[in-house]
Amino acid sequence: MSYYIAWLVWLIPAVSSLFVPVIARLSSKARDYFAVAISLISMLLAFSMLFSYHADCDETTYWIPCLGIQAGVYLDPLSILLACLVTFFGFIIAVYSLGYMVGEDGLTRYYFFILLFIGSMTGLVLSDNFLQFFIFWEMVGLCSYSLVSFWYKRPESVRSGAKVLLMTRIGDICLLAGICLLYAYIGSFSFHKIAQDISVIPSSVLMTVALLILGGAIAKSAQLPLHTWLYSAMEAPTSVSALLHSATMVKAGVYLLARFTLLLGPSAATISTWFLIIQWVGVITAFTAATLAISTPDIKGVAAYSTISQIGFMFAALGAAGNALSSGWFAGVLHLLSHAFFQGLDFLLIGGIVHAVKTRDMRLMGGLRDAMPVTFALSLIVTLAKAGLPPMISFFSKELIFQSVIESGNIYAAIILYGSTAITFAYTLRVMFLVYIREKSDYVKESHVHEAPKIMLFPALMLAALCIILGPIAGWISQFMKASIELGFNEILSPSIIILLGVLALGGVPTYFAYCKKPNVLPDLRRTLNPLVNILSHGYFFDFLYERVVAFGALMFSKGLKRLEDCVFMRVPYAFSSAINKLAVSVQGYMEEFFNILPQIFASGITGTAHKTRRYLDALMDNLSNLVARKTVEVSSKARRVHSSSLNAYIAAIIIGFLILAILLMITMLR
């Protein structure tokens, strides 16, 4: 039963997206609620797989003989969990959009791509082969580009959409190369076939494949050095940011690494260096993005850098795994789940704030605690969840991450992750102080700030409740994922909680004094740390590197090629053609002169021939006349001697002779 449902889970929203423009012609309200209804149906179908799934049938494959291709669904705990997550957030964002996107132009296009995204992302996590997986991977990229550029009349939105598309294409190329290399050795795209035969691939080739797949994951999940697109993508509507860039799309890279680790099986031991690379990419990204989050004044920018940093934690956990049976693999997947809820909640609350104050600059905010009490209360839950405090599910996922990294023997990575956790708490408190706790700014005093509409608060309340409820059922999630890891509240009494509290104090206490007790110290501190502040304000100059060095270098290289093309492929052929033209002109001159002289030569030849012919004919006629005269005389003398009866015959012969002579003379005269 599960495999039929798995097909419907992604087919229904993907196909239904085509009907959005049709229903929009009937009524805009019908269009909006149609999108909500379809997302609800897809979510219910996905959650039904949690109960109908049987562990003895992990995957189901369908063939399409008429097309000669394979298409199917792969059912295991990982794919079912991600399908539930994607469809749930699709439903939440569809409901939230009823309030947040009201009155916007282009909502038919908006809901079309929302449903198509839900279908594509769900199809991605349920695909049973890499070819089908890559098709959905590209469809997700298309939807992301279109939704980020939703406000296409704004130049910054168009620029952001193009940046998302171009930077993620780097990862797409890497992923496609890795898939093709796998196919070259195994002869199949099927996950089942790859898992069976991956041991036949030489370790060097397998390492190359793994690195190419990692490149695809880094670009899609916005990890260093291809992370800058996620901050730019905040130009999208906040509802889109919540859907694409906190809960689902950016998690595709994490899912890819988790799935490939499962496919590796025992072969994972032959590429241990690959896992170490994943771990350090995650660790460095987590720390770097956290430092950027604490420096930006853009409230959505803080959420964007927070997402990048938290995905870094997931990468660090997966890198500490070494195989799919370790705690690191489950820690990465569990943190993917927990982050989706608290970061999704954060984005929904930010959407309500921006909706109320009409700005993203936290320096213009302040005192919103009284005007938006529900939003403030829910933001406290976000703060606790980001800090990883119990009873939030993020407490269990972060504890598992720290344990797995320490067990891997990489103590330096663990220290950096603890430092990133301290900075995470610091930038979360900074947002609370700047937005809610400090005095109202002049901008807020002049604005009519109000609580977010109920239709926007309802999805946020659901996510807040799940952030708390999922903590106690973390053990059931472990059992469903076949992780065999004991999770319970006894973890709260472990010595690691003391370390965590100490780390949070390192980040929280300085932030409290800097933004609450002694805010006047901040300007002096910024002047003292001006070089560091300048580096952070420019995002470690990654965009400068890409735009001014990489892009400019590519431009100069292309101009050099253009000049080479002009020189080699334009000037040389031009010179050759000029020589050919000159030769042709010369030949043409000679030919024209020749053809001008030719009639004269021909006429002279004809004239000479005519003169010679005339002299010959004159001599001939003279000889003929003499001959005729002599014969006439002879005939006349004989005629006297002939009988009178024969005279008539002679006369007739003479007359005929004269006639012939006359004709010949006329011919001669006509010449």
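Higher on the page you've got the structure.
Residues numbered from 1 in each chain as written. Predicted model: local features only at pLDDT ≥ 70, side-chain atom pairs only at ≥ 80, totals over all residues. Heavy atoms only, no water.

Novice: Could you clarify how one ought to interpret the packing of helix H4 (residues 77-100) against helix H12 (residues 252-264) in this entry?
Specialist: Their axes nearest at 11 Å, the elements H4 and H12 cross at an angle of 165°. Of the possible angle classes, the one that applies to H4 and H12 is roughly antiparallel. Both H4 and H12 take part in a crossing whose hand is left-handed. Facing H4, whose interface residues are Leu78, Ser79 and Leu82, H12 presents Tyr255, Ala258, Arg259 and Leu262. (Axes fitted to C-alpha atoms, helices over the stretch in contact; angles between N-to-C directions. Helix = DSSP H or I, 4+ residues; strand = E, 2+ residues; numbered from the N terminus. Parallel < 35°, antiparallel > 145°, perpendicular 65-115°, else oblique. Left-handed = near helix turned anticlockwise from the far one by under 90°. Contact = heavy atoms within 4.5 Å.)

Novice: Teacher, can you tell me more about the side chain of Thr359 here?
Specialist: Its location among the elements puts Thr359 in the loop between helix H15 (327-357) and helix H16 (368-371). For Thr359, the side chain forms a polar contact with the main-chain nitrogen of Asp361, separated by 3.2 Å. For Thr359, the residues in contact, after removing those within four places along its chain, are Val354, Leu364, Met365 and Tyr443. (Polar contact = N/O pair within 3.5 Å; in protein donor to acceptor, adjacent residues only side chain to side chain.)

Novice: Just to check I follow, could you spell out the side chain of Lys300 for this structure?
Specialist: Structurally, Lys300 is set in helix H14 (residues 299-319). Buried and without a salt bridge, Lys300 has Glu235 as its closest oppositely charged side chain, separated by 7.4 Å. Ignoring any residue separated from it by four or fewer positions in sequence, one finds Lys300 in contact with Met234, Ala236, Pro237, Thr238, Ser241, Ile350 and Arg360. (Buried < 20%, exposed > 50% of the residue type's maximum accessible area, 1.4 Å probe, protein only. Lys, Arg positive; Asp, Glu negative; His and termini not counted. Salt bridge = Lys/Arg side-chain N within 4 Å of Asp/Glu carboxyl O.)

Novice: Looking at this structure, I do not really get the packing of H14 against H15. What am I missing?
Specialist: The packing of two helices is summarised by the inter-axis angle and the distance between the axes. Relative orientation of the contacting elements H14 and H15 amounts to 175°, with a least axis distance of 9 Å. Viewed along their axes, H14 and H15 adopt a mutual orientation that is roughly antiparallel. When its residues are assigned to classes, the contact of H14 with H15 shows 15 nonpolar, eight polar and two charged. (Nonpolar A, V, L, I, M, F, W, Y, C, P; charged D, E, K, R; others polar.)

Novice: So what exactly am I meant to see when it comes to a nonpolar patch on the surface here?
Specialist: A cluster of nonpolar side chains, contributed by Ile535, Phe541, Phe544, Leu545, Val549 and Val550, occupies part of the molecular surface with about 470 Å² of accessible area. Broken down by element, the nonpolar patch gets its largest block of residues, four residues, from helix H26 (residues 542-641). Structurally, the position occupied by Val549 is in helix H26. By relative accessible area, Val549 is classed as partly exposed at 43%. (Patch = residues over 30% accessible without salt bridge, like charges linked within 9 Å, V, L, I, M, F, W, Y side chains within 5 Å. Areas by Shrake-Rupley, 256 points an atom, 1.4 Å probe, with all protein chains shown as cover.)

Novice: Sorry, what's going on with the packing of aromatic side chains here?
Specialist: Geometry of an aromatic ring pair is reported as the spacing of the ring centres plus the angle between the planes. Tallied over the full model, the rule gives 27 aromatic pairs. Arranged with centres 5.5 Å apart and planes meeting at 35°, the rings of Phe133 and Trp137 form a pair that is tilted. With Phe133 and Trp137 both in helix H6 (residues 130-148), this residue pair falls four residues apart, about one helical turn. Its relative accessible area of 0% is what places Trp137 among the buried residues. Through a chain of ring-to-ring contacts, three or more aromatic side chains come together here, namely Tyr74, Phe130, Phe133, Trp137, Phe191 and Tyr255. A cation over an aromatic ring shows up here: Arg154 above the ring of Trp151, its NZ or CZ 4.1 Å from the ring centre. The ring of Phe313 carries the charged tip of Lys398 above its face, separated from the ring centre by 4.9 Å. (Phe/Tyr/Trp six-rings, centres within 6.5 Å; stacked < 30°, edge-to-face > 60°. Lys NZ or Arg CZ within 6 Å of the ring centre and 35° of its normal.)

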